Amino acid sequence: MEAKVASIFKSIQGEGKYVGSLQVFVRFFGCNLNCQFCDTKLEKFKIYNVNSLKKEVSSLRVKFLSLTGGEPLCQADFLKMFLESIAKDKFKIYLETNATLYKNLKKVIKYIDIISFDLKLKSSTGGSQLWRVHEEFFKVAKLKEIFFKTVITTSTQFDDIKRLAGFLKDKLDYPLYLQPDSRYLSRRLLKKMFVFGEYLLNKGIDVRIVPQVHKFLNIE
Ligand code: SF4
(Lines give C-alpha, C1' and ligand atoms only; values in the text may rest on other atoms or scores of the structure.)
Protein backbone atom coordinates (compact mmCIF):
# COMPACT_ATOMS: atom_id res chain seq x y z
CA MET A 1 0.00 0.00 0.00
CA GLU A 2 1.21 3.53 -0.78
CA ALA A 3 0.48 7.09 0.29
CA LYS A 4 0.81 10.53 -1.26
CA VAL A 5 3.02 12.68 0.96
CA ALA A 6 3.72 16.34 0.23
CA SER A 7 6.67 16.76 2.60
CA ILE A 8 8.53 15.35 5.59
CA PHE A 9 10.55 17.65 7.79
CA LYS A 10 11.67 18.43 11.32
CA SER A 11 10.57 21.70 12.90
CA ILE A 12 8.77 23.13 15.90
CA GLN A 13 5.03 22.90 16.31
CA GLY A 14 3.70 26.37 15.62
CA GLU A 15 0.07 26.01 16.67
CA GLY A 16 -2.12 25.22 19.65
CA LYS A 17 -1.30 23.51 22.93
CA TYR A 18 2.03 22.00 21.88
CA VAL A 19 3.48 25.17 20.38
CA GLY A 20 7.26 25.04 20.62
CA SER A 21 7.52 21.24 20.70
CA LEU A 22 10.11 19.71 18.40
CA GLN A 23 8.35 17.37 16.01
CA VAL A 24 8.79 15.44 12.81
CA PHE A 25 6.03 16.44 10.42
CA VAL A 26 4.55 14.18 7.77
CA ARG A 27 2.41 16.36 5.58
CA PHE A 28 -0.07 14.14 3.75
CA PHE A 29 -1.30 15.26 0.37
CA GLY A 30 -4.99 15.93 -0.31
CA CYS A 31 -7.95 17.11 1.70
CA ASN A 32 -11.72 16.56 1.73
CA LEU A 33 -12.38 20.26 2.48
CA ASN A 34 -11.50 23.47 0.70
CA CYS A 35 -11.19 26.22 3.30
CA GLN A 36 -10.76 29.70 1.87
CA PHE A 37 -7.95 30.49 4.35
CA CYS A 38 -6.03 27.26 3.60
CA ASP A 39 -2.26 27.83 3.62
CA THR A 40 -1.42 24.26 2.61
CA LYS A 41 -3.01 23.91 -0.83
CA LEU A 42 -0.40 21.47 -1.99
CA GLU A 43 0.44 20.71 -5.57
CA LYS A 44 3.25 18.19 -5.44
CA PHE A 45 3.64 14.90 -3.66
CA LYS A 46 5.90 11.89 -3.49
CA ILE A 47 4.71 8.32 -3.20
CA TYR A 48 5.80 6.41 -0.10
CA ASN A 49 5.22 2.86 1.03
CA VAL A 50 5.23 1.90 4.69
CA ASN A 51 8.94 1.02 4.72
CA SER A 52 10.19 4.10 2.89
CA LEU A 53 8.13 6.39 5.12
CA LYS A 54 9.30 4.62 8.24
CA LYS A 55 12.92 4.94 7.13
CA GLU A 56 12.66 8.67 6.41
CA VAL A 57 10.78 9.47 9.63
CA SER A 58 13.24 7.47 11.74
CA SER A 59 16.23 9.21 10.13
CA LEU A 60 15.06 12.53 11.62
CA ARG A 61 15.55 11.19 15.16
CA VAL A 62 12.70 12.94 16.94
CA LYS A 63 10.14 10.72 18.67
CA PHE A 64 7.27 13.18 18.46
CA LEU A 65 5.49 12.67 15.16
CA SER A 66 2.92 15.09 13.75
CA LEU A 67 0.56 13.71 11.11
CA THR A 68 -0.69 16.70 9.19
CA GLY A 69 -1.79 17.75 5.75
CA GLY A 70 -3.94 18.29 3.91
CA GLU A 71 -6.07 15.86 5.85
CA PRO A 72 -4.11 12.77 6.99
CA LEU A 73 -7.29 10.77 7.57
CA CYS A 74 -8.03 10.84 3.83
CA GLN A 75 -5.36 8.10 3.67
CA ALA A 76 -6.44 6.22 6.80
CA ASP A 77 -5.84 2.69 5.50
CA PHE A 78 -2.23 3.50 4.76
CA LEU A 79 -1.94 5.41 8.04
CA LYS A 80 -3.12 2.37 9.96
CA MET A 81 -0.46 0.17 8.40
CA PHE A 82 2.24 2.77 8.90
CA LEU A 83 1.34 3.42 12.56
CA GLU A 84 1.19 -0.31 13.20
CA SER A 85 4.69 -0.64 11.77
CA ILE A 86 6.18 1.99 14.15
CA ALA A 87 4.10 1.02 17.20
CA LYS A 88 7.11 -0.54 18.93
CA ASP A 89 9.32 2.50 18.35
CA LYS A 90 7.65 4.58 21.08
CA PHE A 91 6.78 7.64 19.03
CA LYS A 92 4.32 10.09 20.54
CA ILE A 93 1.71 10.46 17.78
CA TYR A 94 0.03 13.81 17.21
CA LEU A 95 -2.82 14.03 14.69
CA GLU A 96 -3.75 17.36 13.19
CA THR A 97 -7.17 16.99 11.61
CA ASN A 98 -10.17 18.86 10.28
CA ALA A 99 -12.24 16.52 12.48
CA THR A 100 -14.73 15.36 9.86
CA LEU A 101 -13.71 11.82 8.79
CA TYR A 102 -14.84 10.00 11.94
CA LYS A 103 -15.16 6.59 10.27
CA ASN A 104 -11.52 6.85 9.22
CA LEU A 105 -10.49 8.03 12.68
CA LYS A 106 -11.88 4.76 14.10
CA LYS A 107 -9.35 2.85 11.99
CA VAL A 108 -6.35 4.56 13.60
CA ILE A 109 -7.49 5.88 16.98
CA LYS A 110 -5.66 3.22 18.94
CA TYR A 111 -2.32 4.52 17.68
CA ILE A 112 -2.97 8.23 18.34
CA ASP A 113 -1.91 10.06 21.51
CA ILE A 114 -2.95 13.67 20.91
CA ILE A 115 -5.57 15.17 18.60
CA SER A 116 -5.50 18.76 17.41
CA PHE A 117 -9.24 18.99 16.66
CA ASP A 118 -9.85 21.77 14.17
CA LEU A 119 -13.37 23.17 14.32
CA LYS A 120 -14.45 24.58 11.00
CA LEU A 121 -16.70 27.62 11.16
CA LYS A 122 -18.77 28.17 8.04
CA SER A 123 -18.15 31.90 7.92
CA SER A 124 -14.38 31.32 8.21
CA THR A 125 -14.01 28.46 5.74
CA GLY A 126 -16.59 29.53 3.14
CA GLY A 127 -17.86 25.91 3.24
CA SER A 128 -20.80 24.29 5.00
CA GLN A 129 -21.76 23.84 8.67
CA LEU A 130 -19.95 20.78 10.05
CA TRP A 131 -21.28 20.56 13.62
CA ARG A 132 -22.92 17.16 13.13
CA VAL A 133 -19.75 15.53 11.79
CA HIS A 134 -17.63 17.30 14.41
CA GLU A 135 -19.92 15.79 17.07
CA GLU A 136 -19.51 12.29 15.58
CA PHE A 137 -15.76 12.82 15.39
CA PHE A 138 -15.64 13.88 19.04
CA LYS A 139 -17.33 10.61 20.13
CA VAL A 140 -14.30 8.72 18.79
CA ALA A 141 -11.62 11.32 19.52
CA LYS A 142 -12.48 11.72 23.21
CA LEU A 143 -10.73 8.43 23.95
CA LYS A 144 -7.48 10.39 23.57
CA GLU A 145 -6.00 13.74 24.58
CA ILE A 146 -7.75 16.51 22.67
CA PHE A 147 -7.51 20.23 22.29
CA PHE A 148 -9.75 22.29 20.04
CA LYS A 149 -8.59 24.90 17.60
CA THR A 150 -10.38 27.22 15.21
CA VAL A 151 -9.14 29.80 12.73
CA ILE A 152 -10.63 33.27 12.99
CA THR A 153 -10.61 35.32 9.80
CA THR A 154 -11.86 38.75 8.81
CA SER A 155 -15.07 37.05 7.61
CA THR A 156 -15.83 35.05 10.82
CA GLN A 157 -19.32 35.91 12.07
CA PHE A 158 -20.47 36.17 15.67
CA ASP A 159 -23.32 33.72 14.94
CA ASP A 160 -20.71 31.01 14.35
CA ILE A 161 -19.00 31.89 17.64
CA LYS A 162 -22.37 31.34 19.35
CA ARG A 163 -22.69 27.95 17.59
CA LEU A 164 -19.14 27.15 18.68
CA ALA A 165 -20.05 27.92 22.31
CA GLY A 166 -23.07 25.63 21.93
CA PHE A 167 -20.90 22.80 20.60
CA LEU A 168 -18.43 23.20 23.46
CA LYS A 169 -20.91 23.59 26.31
CA ASP A 170 -20.59 19.92 27.32
CA LYS A 171 -16.82 19.82 26.52
CA LEU A 172 -15.51 22.41 28.97
CA ASP A 173 -12.59 20.24 30.08
CA TYR A 174 -10.82 20.82 26.78
CA PRO A 175 -8.98 24.04 25.88
CA LEU A 176 -9.92 26.00 22.77
CA TYR A 177 -7.26 27.82 20.76
CA LEU A 178 -8.40 30.74 18.64
CA GLN A 179 -5.91 31.17 15.83
CA PRO A 180 -5.91 34.37 13.77
CA ASP A 181 -5.73 33.99 9.99
CA SER A 182 -2.03 34.66 9.41
CA ARG A 183 -2.66 36.16 5.98
CA TYR A 184 -4.48 39.15 7.43
CA LEU A 185 -3.03 39.59 10.88
CA SER A 186 -3.93 43.10 12.01
CA ARG A 187 -5.00 45.04 15.09
CA ARG A 188 -8.55 44.92 13.74
CA LEU A 189 -8.54 41.12 13.54
CA LEU A 190 -6.99 40.86 17.02
CA LYS A 191 -9.65 43.22 18.41
CA LYS A 192 -12.33 40.97 16.90
CA MET A 193 -10.65 37.95 18.48
CA PHE A 194 -10.64 39.61 21.89
CA VAL A 195 -14.42 40.16 21.59
CA PHE A 196 -14.95 36.51 20.58
CA GLY A 197 -12.51 35.33 23.27
CA GLU A 198 -14.29 37.30 26.00
CA TYR A 199 -17.67 35.87 24.95
CA LEU A 200 -16.34 32.29 24.98
CA LEU A 201 -14.50 32.77 28.28
CA ASN A 202 -17.71 33.99 29.89
CA LYS A 203 -19.39 30.79 28.68
CA GLY A 204 -16.90 28.81 30.77
CA ILE A 205 -14.64 27.83 27.88
CA ASP A 206 -10.88 27.66 28.51
CA VAL A 207 -10.05 29.89 25.55
CA ARG A 208 -6.58 30.99 24.47
CA ILE A 209 -5.52 33.23 21.58
CA VAL A 210 -2.38 31.90 19.88
CA PRO A 211 -1.10 32.91 16.42
CA GLN A 212 0.90 30.57 14.19
CA VAL A 213 4.36 30.94 15.73
CA HIS A 214 6.22 29.29 12.84
CA LYS A 215 5.02 32.07 10.54
CA PHE A 216 6.75 34.66 12.76
CA LEU A 217 9.92 32.61 12.69
CA ASN A 218 9.61 32.18 8.94
CA ILE A 219 10.05 28.42 9.14
CA GLU A 220 8.02 25.54 7.75
S1 SF4 B 1 -9.02 21.33 6.25
FE2 SF4 B 1 -6.97 22.16 6.45
S3 SF4 B 1 -5.84 21.35 4.68
FE4 SF4 B 1 -8.03 21.06 4.27
S5 SF4 B 1 -8.60 22.85 3.08
FE6 SF4 B 1 -9.06 23.30 5.23
S7 SF4 B 1 -7.20 24.34 6.01
FE8 SF4 B 1 -6.64 23.34 4.06
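Residues numbered from 1 in each chain as written. Predicted model: local features only at pLDDT ≥ 70, side-chain atom pairs only at ≥ 80, totals over all residues.

Details of the overall build of the protein chain
Counting its regular elements, the protein chain contains 8 helices and 9 strands. For the protein chain, whose C-alpha radius of gyration is 17 Å, the value lies close to the compact-globule estimate of 17 Å for 220 residues. In terms of its C-alpha atoms, the protein chain occupies a principal-axis envelope of roughly 50 × 35 × 25 Å. The 220 residues of the protein chain split such that 37% are buried. The contacts of the protein chain with a sequence gap of at least 6 include a subset with a gap of at least 24, amounting to 80%. (Helix = DSSP H or I, 4+ residues; strand = E, 2+ residues; numbered from the N terminus. Rg over C-alpha atoms; globule rule 2.2 N^0.38 Å. Buried ≥ 20, exposed ≤ 12 C-beta atoms within 10 Å, placed from the backbone. Contact = placed C-beta atoms within 7 Å.)

A look at the sheet that holds strand β5 (residues 92–97)
The 9 strands lie next to each other as β3-β1-β2-β4-β5-β6-β7-β8-β9, forming an open sheet whose pairing is mixed. In the strand order of this sheet, the two ends are held by β3 (46–49) and β9 (207–209), each with one partner. Neighbour to neighbour, the strand axes of the sheet diverge by 30 degrees on average, direction disregarded. Two elements, strand β4 (residues 64–68) and β5, share 4 bridges in a ladder whose sense is parallel. Considered in β5, the bridge of L65 is made with I93. Contacts from helix α7 (residues 187–201) reach β7 (145–152), β8 (176–180) and β9, with the element oriented near 165 degrees to β8. (Pairing = 2+ DSSP bridges. Axes fitted to C-alpha atoms, helices over the stretch in contact; angles between N-to-C directions.)

Overview of the site of the ligand
Neighbouring the ligand are C31, L33, N34, C35, C38, T40, G69, G70, E71 and N98. Its residues placed into classes, the shell around the ligand shows 4 nonpolar, 5 polar and 1 charged. (Near = placed C-beta within 6 Å. Nonpolar A, V, L, I, M, F, W, Y, C, P; charged D, E, K, R; others polar.)

Points about helix α6 (residues 158–168)
Residues separated by three or four positions in an α-helix point in the same direction, a consequence of the helix having 3.6 residues per turn. Taken residue by residue, α6 has D160, I161 and L164 as its buried positions. Take α6 and look down its axis: the buried residues cluster within an arc of 105 degrees, on one side only. Looking at α6, the residues exposed on the side facing more than 90 degrees away from the buried face are F158, D159 and G166. The inward-facing, buried residues of α6 abut α4 (122–125), β7 and α7. (Arc of directions from axis to C-beta.)

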